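Examination of the molecular architecture
Take a look at the letters that make up each chain.
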Amino acid sequence: MKVIVTRNYEESCMKVAEIIIEQVKKDPTSKLGLATGGTAQQVYPHLVEAYKQGRVSFSQITTVNLDEYLGIRPDSEQSYRRCMDDWFFDRTDIDKAKTYVPSGLNPPNMEIKTFNEKLYGDKPIDLQLIGVGVNGHIGFNEPAAELIAGVHIEKLTESTIQANARFFASESDVPREAITMGIGDILKAKRIVLIATGENKAKVIGKLLADDTVTTSVPATLLKVHPDVTVVIDEALAAMAGYKGCC
Ligand code: F6R
């Protein structure tokens, strides 16, 4: 696993954006796996800026997002489709017909089928961006004795509901279920880039970087079996996580 330790979160976002830009420049038809969440959000302005400066075009890429809440309308502010449109898709030359954020409204079985077609109908994901939950989830793969490999409906844990309540009017408004790529889907991406920041991620990042075990109770540790993962964290998080590989 490659670890990049930056001076601060802003620098981490710039670094991750540069990795994505490099990928798209190398292959303008890249298939990108994208993430929402507060941490990944600040990566997108850097991509938009690079597009505006004429440094990169996203016109030929295809994208597939990790997940979406069930029961949420795509135009509601908390929907991941709306987030992606507002943060990235509507601000660049992306062909929106080639973007996919799962629908939280379609019947789950039908949407799981569509999700699989988007994931596997053409080529594998070249680069998958991910964040990590306070409890170690990636996508919405929550800690459990067994994880599900493929696309599925996940019941959100109390920890995730509490963590995501900040995006809703109240905790009771947070949807209880989501559709998500499974752990196997994420691990099939050719390259994975994880961005994390903040004290509340220290325990999980410690388990990922300062420990050599793999456990389904911290799903992010499964990334240790993938041959091409880059973790981008700031020095404050690296110190709190007990990561000694840097400096
Ligand atoms: C979002 C996603 C989630 C988030 C994670 C971290 O598409 O799949 O795994 O990446 O919950 O969210 P933040 O960055 O808000 O702490």
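Summarised in this report is the structure supplied together with it.

Cut-offs and rules
Residues numbered from 1 in each chain as written. Predicted model: local features only at pLDDT ≥ 70, side-chain atom pairs only at ≥ 80, totals over all residues. Heavy atoms only, no water. Pairing = 2+ DSSP bridges. Helix = DSSP H or I, 4+ residues; strand = E, 2+ residues; numbered from the N terminus. Axes fitted to C-alpha atoms, helices over the stretch in contact; angles between N-to-C directions. Contact = heavy atoms within 4.5 Å. Core = buried A, V, L, I, M, F, W, Y, C linked by side-chain atoms within 4.5 Å. Buried < 20%, exposed > 50% of the residue type's maximum accessible area, 1.4 Å probe, protein only. Near = heavy atom within 4 Å. Polar contact = N/O pair within 3.5 Å; in protein donor to acceptor, adjacent residues only side chain to side chain. Areas by Shrake-Rupley, 256 points an atom, 1.4 Å probe, with all protein chains shown as cover. Nonpolar A, V, L, I, M, F, W, Y, C, P; charged D, E, K, R; others polar.

Some thoughts on the sheet that holds strand 4 (residues 67–69)
If you walk across this open sheet you meet the three strands as 4-8-7, and the pairing is antiparallel. At either margin of the open sheet sits one strand with a lone partner, and together these are strand 4 and strand 7 (152–155). Each adjacent strand pair in this sheet contributes to an overall mean axis angle of 25°, direction not counted. Across the sheet, helix 5 (residues 108–120) touches strand 7 and strand 8 (177–180), and the angle it forms with strand 8 is around 30°.

So, the nonpolar core
A general tendency of soluble globular proteins is for nonpolar side chains to be buried together. Residues Ile20, Phe88, Leu194 and Ile205 are the most contacted members of the largest nonpolar core, which totals 78 residues. It is helix 1 (residues 9–26) that provides the largest number of residues to this core, a total of seven residues.

Thoughts on the site of the ligand
Around the ligand sit 14 residues in total, of which Gly38, Thr39, Asp67, His137 and Gly139 are the nearest. At 2.7 Å, a backbone N or O of Gly38 approaches an oxygen atom of the ligand. The separation between an oxygen atom of the ligand and a polar side-chain atom of Lys201 is 2.7 Å. Calculation on the ligand without its partners gives an accessible area of 410 Å², and the protein chains cover 95% of this total. The element that contributes the greatest number of residues to the shell around the ligand is helix 2 (residues 37–41), accounting for three residues. The residue inventory of the shell around the ligand, partitioned by class, reads three nonpolar, eight polar and three charged.

Note that all results are geometric; they support no functional claim without further evidence.
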